[in-house]
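Architecture at a glance
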Amino acid sequence: MVEFFGETLYVYAVVPFLKIIAAIVVVLTIIAYTTFAERKILGFLQVRMGPNRVGPWGLLQPIADVVKLLGKEDVIPNRAVVWAYVLAPCLVVGPALLILSVIPFGPPSSAGPASSWFITDVNVGLLLVVAIASIGVYGLLLGGWASNNKFSMMGGLRAAAQMISYEVPQGFSLVVPLLMAGTLSLVGIVEAQLTQGRWFIFGFFPFGLLAFFIYFVSGVAESNRNPFDLPEAESELVAGFHTEYSGMRFALFFLGEYANMIVISAVAVTLFLGGWLRPFPNLEWLSFLDLGFLPPGLAGFLWFLIKLLVFLFVYIWFRGTFPRYRFDQLMDLGWKWLIPAALLAVVATSIWKVALL
Amino acid sequence: MSERQDDKPQEGRPTGDQPAPEAPDETRSEAPATPDSDSSAAAAEAEAETKAKAAAAKAKAVAEAEARKEPWERDPAAPEWQEAESDGLVDALKSSFGEGVLAARTFAGELVLEIDRQSIREVGRSLKEEHGFTLLVDICGVHYPDRDQAPFEVVYHLYNLDQTRRIRLKVGTQEGIDVPSVVAVWKGANWPEREVYDMYGVRFAEHPDMTRILMWEGFNGHPLRKDFPVEGIDTGAAIYPEFYGDEAGPVAGTGTGWKPPEPPEDKPEEPVPDEA
Amino acid sequence: MVEVDSSDLSRDTLFGVEEMEINFGPQHPATHGVLRLKLKVDGERIVDCYPVIGYLHRGTEKLFELHPFFQNVPHTDRLDYVAAATNNLAYVGAVEKLLGIVVPPRASYIRTLLSELQRISSHLLWLATHAIDIGAMTPFFYTFREREVVLDLFEEYCGARLTLNCMRPGGQPYDLPVGWVERCAEFVGGFPEKIDEYEGLLTENRIWKKRTVGIGILSPEMALDYAVTGPMLRGSGIGLDVRKAMPYEMYDQMDFDVPVFYNCDTYDRYLVRMEEMRQSVRIVQQCLEKLPEGPLMAKRPRVLKAPKEGDVYHAVEAPKGEIGFYIVGDGTPNPHRCRGRPPSFYNIQVLPEMVVGGRIADLIAVIGTTDVVLGAVDR
């Protein structure tokens, strides 16, 4: 009994706890170095150096930034609504990190859940992702409203309108891989890609590709990044919803934005790019890409990480290239183009699927 | 392009027709004509004659030497006021406005029309609609403290796009007498008229928004007047009424004998009265 | 393009419509200085716009009256502080006209050269800020790379990079340094490629076009009525360029075109300025080619005294439009009155006409396209 209890405790409490810690640490590190990479890559794109003073090649810059932000005065404006003002940044970061619980970073292990490369596998994983992701908008809206600043207010309103609009095509585009896999479990979806022998981005060509494209565009809009960074457009709304924030609370908003980028990229990798699978999992002669010499699961994790980083690079690349949309044009794009296209993809995939049965 | 090469000035070879970008032609041609033989009244005639001859020869030599010089090597000769030649524009304005056009002169080749204050708006409208001066380039004020009549002058620069011609209108006014606004003719006159008001205190009648533009509301004084102290005035009383109260605080213009003008009474609709 | 119909502001809606007043500036990243706009917005739509200026008023015109003609040149640098050479040129041109001084040709060529380089640098700065306002960050750094070279050339010539003070009434203070002509030729030789690079980032960019095409319409009549000059007027289909209309310095010897576009929107004003940079390159190349030997200073008295009575107006084509100086002399070495006609003052006056009915994001694009420098507006 005690042994059984000990093992249960070990498998369902201690190990997940350690995994959560590990996931958060890894993701926060990735976030820290994404900011660094962003500045370096933008520097490269913009014929300048980027940070190069703190540590070798500026590698310690993120740490210096964190120290600086922690040391800053935490200002709460005079007539702000304090509870909402304090709560808002947490509402941005919390859900973004929460989604990590169901992301499969690597393959499940035959030895049991304790040694598989994800925190948990929920059979409604995809629903959970969509549900939690939509909470994030409250943070921006509350932050903008509570700051008692008209620019923040407009930023918050823009954020709300933009994120709600883009959740619709995003949700539709998620239905396509769901139809292909026939399961809501994220692990199940990746395994379906393995058994069907192709990444879902290539499934039901071109509808998988279309769905992927819609998902990613909506994702960029969801995470308020260029060219959809209207809620925080510094040249229009000063800094939008986080104008009044300073110190660590500002850092939390910042963190939330990057965590959102990572989550959206991770979901895209899982659903469309085969998660932990190597490219072309159906081709035998490419099996050397499985990197069998590594400990089990690590190769999968590396593949996942590589795909994730490619996404993050694309995010940064966008920022270096595109101007910003106007608000009504953004709405136009979302409602008049992405939603019909997503509907088309869903309907076509369904018909195709039924025809195959 | 290659033909233009010949125009390039060569050393030692005077080129009289060298394009002189700055000075108008008539001023340059007058330059050598300065030395005039001043044969004094009654003196020994022969002596005078030889002297005059020598002077004339010398003057001639000087003039020749002067003529050989490049325009930029001569002494600069400032332009002078001249009566405007009667061209179509001046004649048309004079015939349609009569007394409205007080004077038409040129300076440095620029036509300057002095316009009666009452008729400036009509003159402006006529110039814009009949004579093609569609661009109101600028409006500015000038303060002439020495003039008893009309110490303030409002200067309008107009430009005709088709004839590429500039003219200048001048309107004299004095403290407390409004100038008719030309915003109804050129919308662009709005801000510059406000600026003239701000800087000189010249108000414009029927201006849609006769408020200060560069200085802040409540500033006590008009900075570009000649009697406004350069070091500025402390307008603390005007800025911080809650701190200084109504009576306390520094007074504008103290030390120069200058007092802020009485604000003119509101004169709705009625035309500006003639100066007494 | 979205139709903006201001009549539907009073439409009956399910919800109450409440207008919000926003103070846009004077400290705002997109106002290029200290422009303040009192905005009335209905959601994102601008219902009313009232510009408030004067935050940078330094009394320059008062200062002009206190200093002799020579000492006023540095004050002109501070008007449009990103295009000091053309300010200097307008001022010294007016003084020379007032005193009847004729400038030697070499000095005149150098002035033409400097003012065209100044046009390039000013347009580069405009492009950088305009693009970053619309959200494209990268062109900013590309243009600053080239602007740096222009500023280096200025620094070599007169020791200053921004407030140049590089002209004197009567001619030029210094000759071109050794090797300057070659370095300048090298720069302008490679510059058209760089313009292609900026255009590659922006001209056919869909988002850029969406943000600029049809935005901030300024009809030709409106532009003339408000005395708008420079690239803004030429983007509205009126080809007024002081360099062609009333040539000063050596512009009548130069072979160049005045770009005119007819769609009256932000995009066309962008195209005008891009093309102007190419034309400036042509002018600089011709200047370098034709540059004659000779004196730099005209013969002039040590103390310049204006005639007892007389006033002149002299205008040049600054990067932002017509900048002119109106100088009244009174027989003393100081001007009795010296008025600078700043193009930005008139170009920003028309702003409400261009933005009312549009969105806040359009306002940003339009402020960028006016290329306003508040130092010139407020003087």
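Residues numbered from 1 in each chain as written. Chains lettered and ligands numbered in written order. Predicted model: local features only at pLDDT ≥ 70, side-chain atom pairs only at ≥ 80, totals over all residues.

A look at the overall build of chain C
Along its length, chain C carries 15 helices and six strands. Rg of the C-alpha trace for chain C: 21 Å, near the compact-globule value of 21 Å for 379 residues, within the 12% margin. Taken across its 379 residues, chain C has 61% of its residues classed as buried. A separation of at least 24 residues holds for 71% of the contacts in chain C among residues at least 6 apart in sequence. (Helix = DSSP H or I, 4+ residues; strand = E, 2+ residues; numbered from the N terminus. Rg over C-alpha atoms; globule rule 2.2 N^0.38 Å. Buried ≥ 20, exposed ≤ 12 C-beta atoms within 10 Å, placed from the backbone. Contact = placed C-beta atoms within 7 Å.)

Some details on the overall build of chain B
Scanning chain B from terminus to terminus reveals seven helices and eight strands. In chain B, which comprises 276 residues, the proportion classed as buried is 31%. Excluding contacts between residues fewer than 6 apart, the proportion of contacts in chain B whose partners are at least 24 apart in sequence is 50%.

Considerations on helix α3 (residues 84-99) of chain C
All names here are of chain C. In a regular helix each residue adds 1.5 Å, so 16 residues correspond to 22 Å; α3 covers 23 Å between its end C-alpha atoms and thus fits that length. Of all 16 residues that make up α3, 16 are buried, and the element is covered over most of its length. At the exit of α3 stands G100, carrying a positive phi of roughly 75°. (Expected span 1.5 Å × (residues − 1).)

A look at the sheet that holds strand β6 (residues 335-341) of chain C
Residues and elements named next belong to chain C. Spatial strand order, β4-β5-β6: three strands in an open sheet with antiparallel pairing. At either end of the open sheet lies a strand with only one pairing partner, and these are β4 (310-318) and β6. The average undirected angle you get between the axes of adjacent strands in this sheet is 15°. Of the strand pairs in this sheet, β4 and strand β5 (residues 321-329) are connected by nine bridges, and their pairing is antiparallel. (Pairing = 2+ DSSP bridges. Axes fitted to C-alpha atoms, helices over the stretch in contact; angles between N-to-C directions.)

Focus: the nonpolar core
A:A259 and B:L158 are the most contacted members of the largest nonpolar core, which has 265 residues in total. Those residues within four positions of A:A259 in sequence are excluded, and the remaining contacts are A:V27, A:I31, A:V93, A:A96 and A:L97. (Core = buried A, V, L, I, M, F, W, Y, C linked by C-beta atoms within 7 Å.)

Description of the pairing of strand β6 (residues 165-173) of chain B
Residue and element names in this part refer to chain B. Within β6, seven of the nine residues are buried, which leaves it mostly tucked inside the rest of the structure. Pairing of strand β3 (residues 110-115) with β6, which is carried by five bridges, proceeds in the parallel orientation. Note that in β6 the partner of L111 across the bridge is I167. Count of turn residues in the strand β5 (residues 152-160)/β6 antiparallel hairpin: four residues, of which T164 carries a positive phi of about 45°.

So, the pairing of β3(B)
Note: strand β2 (residues 101-107) of chain B against β3(B), six bridges, orientation antiparallel. Within β3(B), the residue paired with B:V101 across the bridge is B:I115.

Brief notes about the packing of helix α5 (residues 136-146) of chain A against helix α6 (residues 150-181) of chain A
Residues and elements named next belong to chain A. Where α5 contacts α6, the two axes come as close as 7 Å, and the packing angle between them is 160°. With respect to each other, α5 and α6 are oriented roughly antiparallel. Considering only the axes of α5 and α6, their crossing is left-handed. On α6, the residues that touch V137, L140, L141, G143, G144 and W145 of α5 are S152, M153, G155, G156, L157, A159, A160, M163 and I164. Partitioned by chemical class, the residues of the contact of α5 with α6 number ten nonpolar, five polar and no charged. (Parallel < 35°, antiparallel > 145°, perpendicular 65-115°, else oblique. Left-handed = near helix turned anticlockwise from the far one by under 90°. Nonpolar A, V, L, I, M, F, W, Y, C, P; charged D, E, K, R; others polar.)

Focus: the confidence of the model for chain B
All names here are of chain B. The share of residues in chain B with pLDDT of 70 or more is 67%, and the mean pLDDT across the chain is 72. The element-level mean pLDDT for chain B is lowest in helix α1 (residues 25-30), coming to 42, with β5 highest at 91. Note on residues 253-260: pLDDT is under 50 here. Beyond four places in sequence and across chains, it has 13 contacts. (pLDDT = per-residue confidence, 0-100.)

Notes on the interface of chain B and chain C
When the parts come together, some accessible area is lost, and that loss is often what is quoted as the size of the interface. Across the contact, 48 residues belong to chain B and 53 residues belong to chain C. Among the secondary structure elements, those contributing two or more residues to the side of chain B that touches chain C are β4 (135-143), β5, β6 and α5 (190-200) of chain B. The element that contributes the greatest number of residues to the side of chain B that touches chain C is β4(B), accounting for six residues. Its residues assigned to classes, the side of chain B that touches chain C comprises 31 nonpolar, six polar and eleven charged.

A word on the sheet that holds strand β1 (residues 20-24) of chain C
Residue and element names in this part refer to chain C. Ordered by their spatial adjacency, three strands build an open sheet running β1-β2-β3, and the pairing between neighbours is antiparallel. Single-partner strands in this sheet number two, and they are β1 and β3 (45-52). For this sheet, the mean angle separating the axes of adjacent strands, direction not counted, is 20°. Both strand β2 (residues 36-42) and β3 contribute to a ladder of seven bridges, which runs antiparallel. Across the sheet, L39 pairs through a bridge with C49, a residue of β3.

Examining the interface of chain A and chain C
In this assembly, 22 residues from chain A lie in contact with 26 residues from chain C. Residues belonging to the side of chain A that touches chain C are distributed by class as follows: nine nonpolar, six polar and seven charged.

What to know about α6(A)
Residues and elements named next belong to chain A. Look at α6: 46 Å from first C-alpha to last across 32 residues, which is about the 46 Å you get at 1.5 Å a residue. A maximum bend of about 25° is found in α6 at E167, where proline P169 lies one to four positions downstream. Of all 32 residues making up α6, 25 are buried, and the element is well covered by its neighbours. Two residues or fewer past α6, G182 is found with a positive phi of approximately 80°. (Bend = angle between axes of the 7 residues up to and from the residue.)

Considerations on the domain arrangement of chain B
Residue and element names in this part refer to chain B. Splitting chain B by domain gives domain 1 (81-214) and domain 2 (216-260). With nine residues of domain 1 at the interface, the matching set in domain 2 holds nine residues. Going through the elements one at a time, β4 and α5 are the ones with two or more residues in the side of domain 1 that touches domain 2. Here the residues of the side of domain 1 that touches domain 2 sort into three nonpolar, four polar and two charged. (Domains from an automatic or database assignment.)

Description of the environment of A:F318
Residues and elements named next belong to chain A. For F318, the location among the structural elements is in helix α11 (residues 298-321). Residue F318 is classed as partly exposed on the basis of its C-beta count, with 15 C-beta atoms lying within 10 Å. Here the alpha-carbon distance between F318 and R225, two residues 93 residues apart in the chain, equals 8.5 Å. In this view, F318 contacts V220, R225, N226 and P227; residues no more than four positions away in its chain are not counted.

A short note on the environment of C:R339
All names here are of chain C. Locating R339 in the fold gives a position in strand β6. By C-beta crowding, R339 is classed as buried, having 28 other C-beta atoms within 10 Å. Along the sequence, R339 and D77 sit 262 residues apart, while their C-alpha atoms lie 14 Å from each other.

Remarks on the environment of A:R79
Residues and elements named next belong to chain A. Position of R79 relative to the elements: it lies in the loop between α2 (61-71) and α3 (82-99). With 10 C-beta atoms counted inside 10 Å, the residue R79 sits in the exposed group. When the C-alpha positions of R79 and M154 are compared, they lie 17 Å apart, and in sequence the two are 75 residues distant.

Remarks on unusual backbone geometry
The backbone phi angle of A:W57 is positive, close to 50°, even though this residue is not glycine. Mapped onto the elements of the fold, A:W57 is located in the loop between α1 (2-45) and α2. C-beta crowding within 10 Å serves as the criterion here: with 14 such atoms nearby, A:W57 is assigned to the partly exposed category. At C:D371, a residue that is not glycine, the phi angle is positive and equals roughly 55°. Locating C:D371 in the fold gives a position in the loop between α14 (360-370) and α15 (374-378).

Observations regarding the confidence of the model for chain C
Residue and element names in this part refer to chain C. Per-residue confidence for chain C averages 87 on the pLDDT scale, and 96% of its residues sit at or above 70. Low pLDDT, under 50, characterises residues 1-7; the predicted model gives this stretch five contacts beyond four residues in sequence or across chains. For this predicted complex, the interface confidence comes out at an ipTM of 0.86, alongside a pTM of 0.82.

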